[in-house]
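Spelled out from the first residue to the last, the chains are:
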Number of protein chains: 2
Amino acid sequence: MEDLPLARALTQALRLLVDEMHTRLAALGFEDLRPAHGYVLNAAAAPGGTTSSRVGELLGMTKQGAAKVVAELEAGRYVSRKGNGGDGRTRPVTLTAKGRRALAAAAAVQNELEAEWVELVGARDVKALRRVLHAVLDRGRDENGDLPPLRPTW
Amino acid sequence: MEDLPLARALTQALRLLVDEMHTRLAALGFEDLRPAHGYVLNAAAAPGGTTSSRVGELLGMTKQGAAKVVAELEAGRYVSRKGNGGDGRTRPVTLTAKGRRALAAAAAVQNELEAEWVELVGARDVKALRRVLHAVLDRGRDENGDLPPLRPTW
DNA sequence: TAACAGCAGACAACCGGGTTGTCTACTCTT
DNA sequence: AAGAGTAGACAACCCGGTTGTCTGCTGTTA
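Residues numbered from 1 in each chain as written. Chains lettered and ligands numbered in written order. Predicted model: local features only at pLDDT ≥ 70, side-chain atom pairs only at ≥ 80, totals over all residues. Heavy atoms only, no water.

Undergrad: Could you clarify how one ought to interpret the overall build of chain A in this entry?
TA: Scanning chain A from terminus to terminus reveals six helices and two strands. Of the regular secondary structure in chain A, the N- to C-terminal order runs α-α-α-α-β-β-α-α. Relative to its 154 residues, chain A shows a buried fraction of 42%. Across chain A, the fraction of contacts at a sequence separation of at least 24, relative to all contacts at a separation of at least 6, is 51%. For chain A, the accessible area works out to roughly 7900 Å², and carbon and sulfur atoms hold 51% of it. If the 22 positive side-chain charges of chain A are averaged to one point and the 19 negative ones to another, these points end up 7 Å apart. (Helix = DSSP H or I, 4+ residues; strand = E, 2+ residues; numbered from the N terminus. Buried < 20%, exposed > 50% of the residue type's maximum accessible area, 1.4 Å probe, protein only. Contact = heavy atoms within 4.5 Å. Areas by Shrake-Rupley, 256 points an atom, 1.4 Å probe, with all protein chains shown as cover. Lys, Arg positive; Asp, Glu negative; His and termini not counted. Charge placed at Lys NZ, Arg CZ, Asp CG, Glu CD.)

Here is the structure:
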């Protein structure tokens, strides 16, 4: 148990986790999903869907950048942008059937991976890990109570 | 204690940590350092320094890409590339005095931040966090025993 | 009920951090 | 002495994002 700096250990562990997650998703037939996509799908699953602008805030990028990400997902038939839903300015982003399947697959893979971590180090330590992360995130909420953006800063 | 997916909690916590780290480094006068730079400085601190190619492996990018990162650090006077050190092919990358100061500052800030985490959730949970990360990383070593690259996949 | 500030989004140009591709110089075998 | 392998430089390119500008819709104020 050497003394790797926390940031370094977190970075590499997250990289392993994300890589493995997308390897498995690809094996399930979802080969064109990037990490950011999962979060967009998740946002689109909310009742009423989401909008490009809100995706931008979520991911920590401009609304124009987010619109491009959404366009990719639309091209892949994961989401659709129905015209108007009462407010003529917005074009709400909602899940297609394929999008729902992808989201379910992603959740299943996440559960698999977490179960493997539990098997590796025990439920007790994984619970502690969650406690730490949640505490840090809670402290890191901004004035509106929102969590930080999902994209790395690199 | 909701049930945020692990990948999501890790991503956002890491983002907070990295952002805060660089905010504090900037306050100490190191405003031109990106996250990747710290890892390069760290590698350059090894006896004999490092090389662009090895930096590439470490960060998970091509040697040409790594050479650009090293060139940035050289322009910022954090490292110098002395000509030849016995092997005429390599131009070893070593720390300047400024590079050593930056590295020491980074270490100090990391210690500060970890201490704040301990204060927030207790030493016991932070230890558990380390145990989990180390176990996952150990399992994730490749055939040569090397850890995964430091860059996110995004 | 008109004016106007504000927001969602589209479109186009650009940028920067990386990749790809190619080349030279050097070293290590044999 | 020759050939395979490695470190690095240089140039062209790419792609995921940003910046800047514009249109159309909404909601508030008067």
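The rest of the description comes next.
Undergrad: Please explain the relation of the copies chain A and chain B as it appears in this structure.
TA: Between the two copies of the chain lies a rotation about an axis combined with a shift along it. At an RMSD of 0.0 Å, chain A and chain B line up after a rotation of 180 degrees and a shift of 0.0 Å along the axis. Expressed as an axis order, the relation between the two copies is that of a two-fold axis. Looking at the rotation axis and the C-alpha trace of chain A, the residue lying nearest is L129 of chain A, at 2.4 Å. Comparing interface residues between copies, 100% of those in chain A also lie at the interface in chain B; the contact surface is shared. (Least-squares fit on C-alpha atoms with pLDDT ≥ 70 in both.)

Undergrad: Would you mind showing me how to read the interface of chain A and chain B here?
TA: Note: interface size is frequently given as the accessible area lost on complex formation between the parts. At the interface, 52 residues of chain A touch 52 residues of chain B. Per-residue buried area on chain A facing chain B is highest for L6, R15 and W154 of chain A; these three make up 13% of the total on that side. Across the chain A-chain B interface, the total number found is four salt bridges. One salt bridge in this structure joins R139 of chain B and E116 of chain A, with 3.4 Å as the shortest N-O distance. Of the residues forming the side of chain A that touches chain B, the biggest block, 14 residues, is contributed by helix α1 (residues 6–27) of chain A. Class assignment for the residues of the side of chain A that touches chain B results in 32 nonpolar, seven polar and 13 charged. (Buried area = accessible area lost by both parts, 1.4 Å probe. Salt bridge = Lys/Arg side-chain N within 4 Å of Asp/Glu carboxyl O. Nonpolar A, V, L, I, M, F, W, Y, C, P; charged D, E, K, R; others polar.)

Undergrad: Looking at this structure, I do not really get the packing of helix α5 (residues 97–121) of chain A against helix α1 (residues 6–27) of chain B. What am I missing?
TA: Interhelical geometry of α5 of chain A versus α1 of chain B gives an angle of 80 degrees and a closest axis separation of 9 Å. Of the possible angle classes, the one that applies to α5 of chain A and α1 of chain B is roughly perpendicular. Between α5 of chain A and α1 of chain B, the contacting residues are Q110, E114 and W117 of chain A on the first element and L6, A7 and L10 of chain B on the second. (Axes fitted to C-alpha atoms, helices over the stretch in contact; angles between N-to-C directions. Parallel < 35°, antiparallel > 145°, perpendicular 65-115°, else oblique.)

Undergrad: Could you clarify how one ought to interpret the protein's contact with DNA strand D in this entry?
TA: Taken together, 21 residues are adjacent to DNA strand D, and T62, Q64, K68 and G88 of chain A together with K63 of chain B come closest. Among atoms of DNA strand D positioned within 4 Å of the protein, sugar and phosphate together represent 59%. At 3.3 Å from a phosphate oxygen of DNA strand D is found a main-chain nitrogen or oxygen belonging to S52 of chain B. R81 of chain B is positioned such that a nitrogen or oxygen atom in its side chain is 3.3 Å from a phosphate oxygen of DNA strand D. (Near = heavy atom within 4 Å. Polar contact = N/O pair within 3.5 Å; in protein donor to acceptor, adjacent residues only side chain to side chain.)

Undergrad: Teacher, can you tell me more about the protein's contact with DNA strand C here?
TA: Surveying the vicinity of DNA strand C reveals 21 residues, the closest of which are K63 of chain A together with T62, Q64, K68 and G88 of chain B. In DNA strand C, the atoms that sit within 4 Å of the protein are 58% sugar and phosphate, with bases accounting for the remainder. One nitrogen or oxygen atom from the side chain of R81 of chain A is found 3.4 Å from a phosphate oxygen belonging to DNA strand C. Among the elements of the structure, α3 (52–59) and α4 (63–75) of chain A together with α4 (63–75) of chain B are those that each provide at least two residues to the surface near DNA strand C. In terms of residue count, the dominant contributor to the surface near DNA strand C is α4 of chain B (four residues). Taken together, the residues that form the surface near DNA strand C break down as two nonpolar, ten polar and nine charged.

Undergrad: I would appreciate a short explanation of empty space enclosed by the protein in the present structure.
TA: Where empty space is left in the structure can be found by rolling a water-sized probe over the atoms. Evaluation of the coordinates by the stated rule reveals three cavities of 30 Å³ or more. Roughly 60 Å³ of internal volume is contained in the largest cavity. Along the walls of the largest cavity sit L14, P152, T153 and W154 of chain A together with T11, L14, R15 and P152 of chain B, which together make up its complete lining. Here the lining of the largest cavity gets three residues from one element, more than from any other, and that element is α1 of chain B. (1 Å grid on protein atoms, 1.4 Å probe; cavity = no way out; pocket = protein on both sides within 12 Å on 5 of 7 lines; lining within 4 Å. Points joined across faces, edges and corners; volume = space filled by probe spheres on them.)

Undergrad: Looking at this structure, how should I read α5 of chain A?
TA: Think of an α-helix as turning once every 3.6 residues; residues three or four places apart then point the same way. Across its 25 residues, α5 of chain A extends 37 Å between first and last C-alpha, which sits within 8% of the 36 Å expected from 1.5 Å per residue. Three or more residues of α5 of chain A are buried, namely G99, A102, L103, A105, A106, V109, Q110, L113 and W117 of chain A. In this structure, the buried residues of α5 of chain A make contact with α1, α2 (35–44), β2 (93–95) and α6 (123–139) of chain A together with α1 and α6 (123–139) of chain B. (Expected span 1.5 Å × (residues − 1).)

Undergrad: I tried to follow the nonpolar core on my own but got confused; where do I start?
TA: Most often, soluble globular proteins keep nonpolar side chains buried together rather than apart. Grouped together as the largest cluster of nonpolar side chains are 84 residues, with contacts concentrated most on W117 of chain A together with L41 and W117 of chain B. In contact with W117 of chain B, other than residues within four places in its own chain, are L6, L10, V132, V136 and R139 of chain A together with L17, G122, V126 and L129 of chain B. (Core = buried A, V, L, I, M, F, W, Y, C linked by side-chain atoms within 4.5 Å.)

Undergrad: Sorry, what's going on with the packing of α3 of chain A against α4 of chain A here?
TA: Working note: a packed helix pair is described by the angle between its axes plus the distance between those axes. Residue and element names in this part refer to chain A. Remark: α3 packs on α4, axes separated minimally by 8 Å, with the N-to-C direction vectors making an angle of 105 degrees. Relative to α4, the element α3 lies roughly perpendicular. In this structure, α3 uses S52, S53, V55 and G56 to contact α4, whose residues at the interface are K63, A66, A67 and V70. Within the contact of α3 with α4, the residues separate by chemical class into four nonpolar, three polar and one charged.

Such coordinate-based values are descriptive only and should not be taken to indicate function.
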